[in-house]
Amino acid sequence: MKTLAAILTCCALLGGCATPPAPAPDASLFADARFAPPSAPIRAADVFALSPEMKAYLAGGIEGRMLVRGRTELLVDALYKKSELKLDYDSVLTRNAAQAFAARSGNCLSLVIMTAARAKELGIPVRFQSVVTDELWGRNGGIDFVIDHINITLGQRIGGAHWAGPFTEAVTIDFLPPADLRGQKQHVLSEATVLAMYMNNRAAETLAQGRIDDAYWFAREAIVQDPGFVRALNTLGVVYRRHGDPGLAAHALRAAYAKQPENPQIIFNLAQVLADQGRDGEAAGLRTRLAQLQPQAPFGYLDRGLVALRNGDAKAARDLLLREVDRAPYSPGGVPLAREHLNLAMQTSASRHDHDIYAAKLERYQAHLTRATQ
């Protein structure tokens, strides 16, 4: 059974347009004295900061060739050509710009942050968009995550005609295949929001690792960066519940619910907290509303299938797990029961570690089939 629902951003963005100053965060949401200091400094300034290695790469690898080719074209080539950065997608950790560059990998948010940091250093105009895609869920450490998608456009200043490089059109860099994005709506976000997205991701990731104190400070910083970023309020509420502070959890989640009363993740979490407080009537009303908004809970078939498996009903478990794979075929969390499912899980793995695990399982499965037919 799922116990929490957080919201994770697959990749995030900086806004290219000016926005009015954000209001100050509600100080009543925070309870600093209840948490140990973070294990490492949490600074928004570090998110887009370039490391010496990045600056040396730009100076020698791109700036030295800008007389021959445009800076935007060179940066795009560096991102996409295997002879250059050799970037890999890896969803295990949301990295800042310097960390993604050092690892040559990251999730969409990490890779977009790294791209933006390098583009800004070269004076390349950027525009960042959130992309509305089909809802995608992940699960880690007993927490269910909604995964969003972001991309970045290089080469044209918003509201102006400034171009960087020889391109006749702006260039959008996305870490999903173009066919998956065709016709999808996109929205520009502010730099404050991208920083909040990064901090919120780190809060969710550290919470899944059981590092509750660090998760609090990351969620807190997300709200400081953008008090209007509702997902950080949701995450803060989840952190408080894990910490054993139901009153604070309810306060944060009620603030989130007031802003987004039809958000299923917020409704689910608030219902859980109200039930913890013995407010069963309020919790029941929210669960009724949740069932209307979300008739099939994320990982519902998977959870029921695992229960059936523990109860010894292998046939029911198989049927339910196959229904989960059909419902969310691109989630590697589905349990593969045959070769094609192992292959699909390997191809859609969120990290190299998961890919290697599924590849090993597929190899053993195929070896077993070979022995069985000899």
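Please refer to the structure placed before this passage.
Structural notes, computed from the coordinates. (Residues numbered from 1 in each chain as written. Predicted model: local features only at pLDDT ≥ 70, side-chain atom pairs only at ≥ 80, totals over all residues. Heavy atoms only, no water.)

**Digging into the packing of helix α8 (residues 230–243) against helix α9 (residues 246–259)**
Thought 1: For the pair α8 and α9, the least separation of the axes is 8 Å and the interaxial angle reads 160 degrees. Taken together, the axes of α8 and α9 lie roughly antiparallel to each other. Between α8 and α9 the crossing geometry is left-handed. Residues V230, L233, N234, L236, G237, Y240 and R241 of α8 form the contact with α9, whose own contacting residues are L248, A249, A252, L253, A255, A256 and K259.
Thought 2: Tallied by class, residues from the contact of α8 with α9 come to 10 nonpolar, two polar and two charged. (Axes fitted to C-alpha atoms, helices over the stretch in contact; angles between N-to-C directions. Helix = DSSP H or I, 4+ residues; strand = E, 2+ residues; numbered from the N terminus. Parallel < 35°, antiparallel > 145°, perpendicular 65-115°, else oblique. Left-handed = near helix turned anticlockwise from the far one by under 90°. Contact = heavy atoms within 4.5 Å. Nonpolar A, V, L, I, M, F, W, Y, C, P; charged D, E, K, R; others polar.)

**Description of the pattern of salt bridges**
Thought 1: In this structure the tally under the stated criterion is nine salt bridges.
Thought 2: Across the pair R254 and E282 runs a salt bridge, and its minimum N-O distance is 3.2 Å. Here R254 is found in helix α9, whereas its partner E282 is found in helix α11 (residues 280–293), with 28 residues between them in sequence.
Thought 3: Given the relative accessible area of 39%, E282 is considered partly exposed. (Salt bridge = Lys/Arg side-chain N within 4 Å of Asp/Glu carboxyl O. Buried < 20%, exposed > 50% of the residue type's maximum accessible area, 1.4 Å probe, protein only.)

**Focus: helix α7 (residues 212–225)**
Thought 1: For α7, built from 14 residues, the straight-helix expectation of 20 Å at 1.5 Å per residue is met to within 8% by its first-to-last C-alpha distance of 20 Å.
Thought 2: Of all 14 residues in α7, 11 are buried, a share of seventy percent or more.
Thought 3: Taken together, the buried positions of α7 are D214, A215, Y216, W217, F218, A219, R220, E221, A222, I223 and Q225.
Thought 4: Buried-residue contacts for α7 involve α6 (191–208) and α8. (Expected span 1.5 Å × (residues − 1).)

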